[in-house]
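Residues per chain, in single letters:
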Amino acid sequence: MAVTLKSWLLEASRQLQEAGQENARQEAEMLLCQQLQKNTAYLFAWPELTLTPIQQEQLASWLQQRLDGRPLAWILGAWEFWGLRLEVSPATLIPRADTECLVEQALSLGEAPALRVMDLGTGTGALALALKKERPGWQVEAVDFQPAAVTLARKNARQLELDVRIWQSDWWQSVPPGDYDLILSNPPYIHPDDPHLLQGDVRFEPQTALVGGDDGLEAYRKLLSGIEQRLKPGGWLLVEQGYDQAEAVAELFARAGLVEISGFQDYAGQPRITQGRRPKV
Ligand SMILES: C[S@@+](CC[C@H](N)C(=O)[O-])C[C@H]1O[C@@H](n2cnc3c(N)ncnc32)[C@H](O)[C@@H]1O
């Protein structure tokens, strides 16, 4: 029997829903769009179009991977962040929509034409590339300690034609002292005992992108230890944190001598961002 776009979507959505995927229909549409290299409007315009045996075989393989829990972003090979299509890989985190709040907050700090910015633990390059896209005049730099993440972020920068300097560094180790106006980071911050590590996409993503040492806060201590030599007086530090870490992170900021410390919520209303400033001299 011929498999049409409509019949494939119905069956795939049913299977995904049975497997407990919340956005079953949307995920099925995304897989089909990827296979056809078309947008969703095409699926609705041509519901009776039949799939070739080769298309069916590829789709069956993708669907099975998804039913086995493999992140949809990895199956698609790319994910959208701040309207940018970013390649993803098992080397690092799949960018999350909540992290866009960090971009928003960074942009709200001003439209100064030539800020110097550092994104620590850049992964796919998500934060650095979003900022460069919005503020082409800013000098945006980024590091990650995973060589494969550095390669991936550079590839994304090239494909998007965004001029961001990206290199390998274990936090500040290979970043010379400097005069950054803005330092931002979405570091690994999950507590090693957090049950969320056993759920959803997170089960597949590398621990190096997720777990923040013994208490979830290790990366913040590392970042803060290099601030004095690199953040300009009056410059800003912005980090993402876990939903229950706002107080602890604010305390670390204060202990590191930062001032004007404040917190911001993500789109779900969780305290997600801490911002602080180096005192002006
Ligand atoms: C939570 S992910 C965030 C990735 C990206 N910034 C984003 O928001 O999608 C944390 C990133 O920090 C990187 N990382 C972990 N430990 C690091 C270290 N010691 N030095 C530099 N980067 C590190 C990981 O490889 C990973 O890419």
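Now for a look at the structure at hand. Predicted model, so just to flag it, every value in this text is computed and none were measured.

Bringing the pattern of salt bridges into the picture now. Inspection of every chain in the model, using the stated rule, returns 15 salt bridges. Its salt-bridge partner being Glu205, residue Arg96 comes within 2.7 Å of it at the nearest N-O pair. One end of the pair, Arg96, is in the loop between β2 (84-87) and α6 (100-108); the other, Glu205, is in the loop between β6 (180-185) and α9 (218-225), and 109 residues separate them in sequence. Its relative accessible area of 27% is what places Arg96 among the partly exposed residues. Judged by its relative accessible area of 3%, Glu205 falls in the buried class.

Our next topic: the sheet that holds strand β8 (residues 259-265). The strand order across the open sheet built from 7 strands is β5-β4-β3-β6-β7-β9-β8, with neighbouring strands paired in mixed fashion. Each of the sheet's edge strands pairs with one partner strand only, and the pair in question is β5 (165-168) and β8. For this sheet the average axis-to-axis angle between neighbouring strands, irrespective of direction, equals 15°. Note that β8 and strand β9 (residues 271-277) share 5 bridges and pair antiparallel. Looking across to β9, one finds that Val259 is bridged to Arg277. Running over the sheet, helix α8 (residues 147-160) touches β4 (139-144) and β5 and is turned about 170° from β5.

What follows covers the packing of aromatic side chains. According to the stated counting rule, one finds 2 aromatic pairs in the structure shown. Aromatic pair Tyr42 and Trp46: ring centres 6.4 Å apart, planes at 45°, arrangement tilted. The interplanar angle of 85° and the centroid separation of 6.4 Å between the aromatic rings of Trp74 and Phe204 together place this pair among those described as edge-to-face. Here Trp74, found in helix α5 (residues 72-76), pairs with Phe204, found in the loop between β6 and α9; they are 130 residues apart in sequence, far enough to count as distant. The class of Phe204 is partly exposed, set by a relative accessible area of 33%. Taking the ring centre of Tyr180 as reference, the NZ or CZ of Arg116 above it sits at 4.1 Å.

Reading the values: the criteria
Residues numbered from 1 in each chain as written. Predicted model: local features only at pLDDT ≥ 70, side-chain atom pairs only at ≥ 80, totals over all residues. Heavy atoms only, no water. Salt bridge = Lys/Arg side-chain N within 4 Å of Asp/Glu carboxyl O. Helix = DSSP H or I, 4+ residues; strand = E, 2+ residues; numbered from the N terminus. Buried < 20%, exposed > 50% of the residue type's maximum accessible area, 1.4 Å probe, protein only. Pairing = 2+ DSSP bridges. Axes fitted to C-alpha atoms, helices over the stretch in contact; angles between N-to-C directions. Contact = heavy atoms within 4.5 Å. Phe/Tyr/Trp six-rings, centres within 6.5 Å; stacked < 30°, edge-to-face > 60°. Lys NZ or Arg CZ within 6 Å of the ring centre and 35° of its normal.

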